[in-house]
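# Secondary and tertiary structure notes
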Number of protein chains: 2
Amino acid sequence: MPDQTTCQFEARPRRIALAGAHRSPEYCLTCGVRARSVCSVVDDADIARLAETAVETLVLPGRCFIEEGGPATDFFNITSGTVKLFKALPDGRRQITGFAGTGHFLGLAVSDHYAFGAEALDTVRLCRFSRARMRHLLDDFPRMERRLLEEASNELVAAQNQMLLLGRKTARERVASFLLDRMQDALDPTGVVPLPMTRADIADYLGLTIETVSRTLSWLRREGMIAIGKGHAIHIAAMPRLEALASGDA
Amino acid sequence: MPDQTTCQFEARPRRIALAGAHRSPEYCLTCGVRARSVCSVVDDADIARLAETAVETLVLPGRCFIEEGGPATDFFNITSGTVKLFKALPDGRRQITGFAGTGHFLGLAVSDHYAFGAEALDTVRLCRFSRARMRHLLDDFPRMERRLLEEASNELVAAQNQMLLLGRKTARERVASFLLDRMQDALDPTGVVPLPMTRADIADYLGLTIETVSRTLSWLRREGMIAIGKGHAIHIAAMPRLEALASGDA
DNA sequence: GACCAGAGTTGATCTGAATCAATGCCCGAA
DNA sequence: TTCGGGCATTGATTCAGATCAACTCTGGTC
């Protein structure tokens, strides 16, 4: 169980939980929850109630905070950072089923065991609710339920796109699609795509090997479609060609 | 636009729509809705209101009733039969993202365009709601929303499993997983798996070619794990070996 | 700076599934 | 009964991406 401390920035002190190897104090991120994920659908009284119930947690890079197949006790809302969601086979083969960023909810599973694992890519802050409490909150605030349904619908659409990618696209089409998706996600119209994940993560997300991802990125660079910067960032140089490639027109 | 007629089995006549080449009269399936999909979560008043809003439609085999990318006007509940959901690339490559049977809801998309197409495998009966009306119904009956959230969560888990299959499993593992999934779905513990879809559908679902599906089924037969009956049914002869193969243990 | 470990790139070779091709099996129509 | 067309099976060959292997780059530590 993580350490507990209190927040210096709230009128009323709130619990904060720290997870990971380094246990340095962290601010309560109730304000983060308010600003980023919940306030758009529930009113202030709802937020107060949510904050009451949540325990803010800090997760360090590389740390796995949901274990695939483990008992599904909690429900999470990410307040900052990025996590990877994955499933694995007994022999170690892995499939990353998605990346979740600020504002996303995790742990919707109807079953009482998590259907996937989750690991922090960078330093992640998240709100942790017990599932029992979450259920009561949903009873009281139907608008919260609508918010979750919308998110689930969007994830379902993303999952269908990913199935098309994994089942029917070539390696080049997969990498091109991935870069464009990431750009959409980053909301950066200048064409700079931040890639906080390793080549291994990209490979496990696209159903390829590290070597194929690397070769394909090199090929895209030689073709003049992208420029590979330092520190895990890629610049898209020829958007239309990349889009044509991603959609299978080429 | 489909023909409209009235139902002989309701005290108050109800509209029925017929789609497809043969336009024979069909019973109103409000009772089907009541029995199979909605009554477990909403009360009788809710059902009356739902039935009021729905138009029952008959869809013939092979007919596509949701066009990928088309305007998302309606929301569907399947009252009998099986449909395939799919996405396609411009050059014709297809990925079937799932099969939906009795009781399933379709058309959840948040966007105003369908993200996938849907086609009837056999004769399908479904209730069609306008999305605007559906929204009002959800406002009135929060329990309906919970039902949809549960269904979406389950589909999300299925989608994640499918991503693992498409990204990381071999052809043999894919076919074995598919047969076991279908058996779960059919709820037939005797090990007989009905396959209402063609080899082409199976291939498009598993990210393989027709030939590979056929070869793999023949291999499973030679290995004694299955027996291939007539008329699209398969008998599972060695469940434990098939399960080991499906989960990648072999 | 020197060292080291992990991440990434590039080349050579192999292989599982795709592709190309031929044949068999139904089943409905004439 | 024969014919024809869609679906399925099986065989031969090809190829995209995996695997195996060598090497380079980077960033952190001493």
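Structural notes, computed from the coordinates. (Residues numbered from 1 in each chain as written. Chains lettered and ligands numbered in written order. Predicted model: local features only at pLDDT ≥ 70, side-chain atom pairs only at ≥ 80, totals over all residues. Heavy atoms only, no water.)

Moving on, we come to the overall build of chain A. Along its length, chain A carries eight helices and 13 strands. Residue burial in chain A is summarised as follows: out of 250 residues, 53% are buried. Considering only residue pairs separated by 6 or more positions, chain A has 66% of its internal contacts joining residues 24 or more positions apart. Split by element, the accessible area of chain A, about 11,500 Å² in all, is 52% carbon and sulfur. (Helix = DSSP H or I, 4+ residues; strand = E, 2+ residues; numbered from the N terminus. Buried < 20%, exposed > 50% of the residue type's maximum accessible area, 1.4 Å probe, protein only. Contact = heavy atoms within 4.5 Å. Areas by Shrake-Rupley, 256 points an atom, 1.4 Å probe, with all protein chains shown as cover.)

Moving on, we come to the protein's contact with DNA strand C. DNA strand C sits among 17 residues. The nearest are Arg199 and Ser218 of chain A together with Ala171, Thr212 and Arg215 of chain B. One of the side-chain nitrogen or oxygen atoms of Arg215 of chain A is found 2.8 Å away from a base nitrogen of DNA strand C. Mapped by element, the contributors of at least two residues to the surface near DNA strand C are helix 7 (210-222) of chain A together with helix 7 (210-222) of chain B. Tallying contributions element by element places helix 7 of chain A first for the surface near DNA strand C, with five residues. (Near = heavy atom within 4 Å. Polar contact = N/O pair within 3.5 Å; in protein donor to acceptor, adjacent residues only side chain to side chain.)

In the vicinity of DNA strand D lie 17 residues, with Ala171 and Thr212 of chain A together with Arg199, Arg215 and Ser218 of chain B positioned nearest. Among all atoms of DNA strand D positioned within 4 Å of the protein, those belonging to sugar or phosphate total 63%. Within the side chain of Thr209 of chain A, a nitrogen or oxygen atom sits 3.1 Å from a phosphate oxygen of DNA strand D. In this structure, Ser218 of chain B approaches DNA strand D through a side-chain N or O atom, which is 2.5 Å from a phosphate oxygen. Those elements that place two or more of their residues in the surface near DNA strand D are helix 7 of chain A together with helix 7 of chain B.

Moving on to the sheet that holds strand 4 (residues 64-66) of chain A. Residues and elements named next belong to chain A. Pairing in this open sheet of four strands is antiparallel, and the strands run 4-9-6-7 from one edge to the other. The sheet terminates laterally at strand 4 and strand 7 (94-100), the two strands that pair on one side only. Ignoring which end each strand starts from, the neighbouring axes of this sheet average 35 degrees apart. In this sheet, strand 7 lies alongside strand 6 (residues 83-88) in antiparallel orientation, the contact comprising six bridges. Its bridge partner being in strand 7, Leu85 is matched across the sheet by Gly98. (Pairing = 2+ DSSP bridges. Axes fitted to C-alpha atoms, helices over the stretch in contact; angles between N-to-C directions.)

Before going further, it helps to examine the relation of the copies chain A and chain B. The operation relating the two chain copies consists of a rotation about an axis and a shift along that axis. The operation relating chain A to chain B is a screw motion whose rotation component is 180 degrees, with 0.0 Å of axial translation and a residual RMSD of 0.0 Å. Viewed as a symmetry operation, the transformation between the two copies matches a two-fold axis. Comparing contact sets, 100% of the residues at the interface of chain A also lie at the interface in chain B, consistent with an isologous, same-surface contact. (Least-squares fit on C-alpha atoms with pLDDT ≥ 70 in both.)

To continue, consider the interface of chain A and chain B. Note on interface size: it is often stated as the accessible area lost on association of the parts. Contacts between chain A and chain B engage 47 residues on the former and 47 residues on the latter. Around 4,200 Å² of area is buried between chain A and chain B when both sides are counted, 63% of it from carbon and sulfur atoms. Where chain A meets chain B, there are six salt bridges. Close ionic contact of Arg168 of chain B with Asp204 of chain A constitutes a salt bridge, the shortest N to O distance being 2.9 Å. There are 16 residue pairs in polar contact (both at pLDDT 80 or more) connecting chain A and chain B. Of all the secondary-structure elements, those providing two or more residues to the side of chain A that touches chain B are strand 6, strand 7, helix 3 (131-140), helix 4 (142-168) and helix 6 (199-206) of chain A. (Buried area = accessible area lost by both parts, 1.4 Å probe. Salt bridge = Lys/Arg side-chain N within 4 Å of Asp/Glu carboxyl O.)

Here we come to the pattern of salt bridges. Between side chains of opposite charge, a pair can form as their charged atoms come close. Scanning the entire structure with this criterion turns up 18 salt bridges over all chains. A salt bridge links Glu68 of chain A to Lys87 of chain A, with the nearest nitrogen and oxygen atoms 3.7 Å apart. One end of the pair, Glu68 of chain A, is in the loop between strand 4 and strand 5 (74-80); the other, Lys87 of chain A, is in strand 6, with 19 residues separating them in the sequence. A salt bridge links Glu173 of chain A to Arg93 of chain B; the nearest nitrogen and oxygen atoms lie 2.9 Å apart. Of the two residues, Glu173 of chain A is situated in helix 5 (residues 171-186) and Arg93 of chain B in the loop between strand 6 (83-88) and strand 7 (94-100); the pairing between them involves two chains. By relative accessible area, which is 6% here, Glu173 of chain A ends up buried.

Take the sheet that holds strand 12 (residues 226-228) of chain A next. Residues and elements named next belong to chain A. Strand order in this open sheet of three strands is 11-13-12, and the pairing throughout is antiparallel. With partners counted over all chains shown, the strands left at the sheet margins are strand 11 (192-194) and strand 12, one partner each. Mean inter-strand twist for the sheet, computed between neighbouring axes without regard to direction, equals 25 degrees. Both strand 12 and strand 13 (residues 233-236) contribute to a ladder of three bridges, which runs antiparallel. By the bridge assignment, Ile228 is partnered in strand 13 with Ile234. Set on the sheet, helix 7 makes contact with strand 12 and strand 13; between it and strand 12 the angle comes to about 120 degrees.

Within soluble globular proteins, side chains that are nonpolar tend to cluster in buried spots. Phe178, Leu179 and Leu220 of chain A together with Phe178, Leu179 and Leu220 of chain B are the most contacted members of the largest nonpolar core, which has 68 residues in total. Setting aside anything within four residues of it in sequence, one finds Leu179 of chain A in contact with Val193, Leu195, Leu217, Leu220, Ile226, Ile234, Ile236 and Leu242 of chain A. Leu137 of chain A together with Leu137, Met144 and Leu156 of chain B belong to the second largest nonpolar core, which has 26 residues in total. (Core = buried A, V, L, I, M, F, W, Y, C linked by side-chain atoms within 4.5 Å.)

Residues and elements named next belong to chain A. Most of strand 5 sits inside the fold, with seven of its seven residues counted as buried. In this structure, strand 5 lies alongside strand 10 (residues 124-130), joined through six bridges in antiparallel fashion. By the bridge assignment for strand 10, Phe76 is matched with Arg128. Bridge count between strand 5 and strand 8 (residues 105-106): two bridges; the pairing is antiparallel. The partner of Phe76 across the bridge, within strand 8, is Leu106.

On their own, these measurements won't tell you what the molecule is for.
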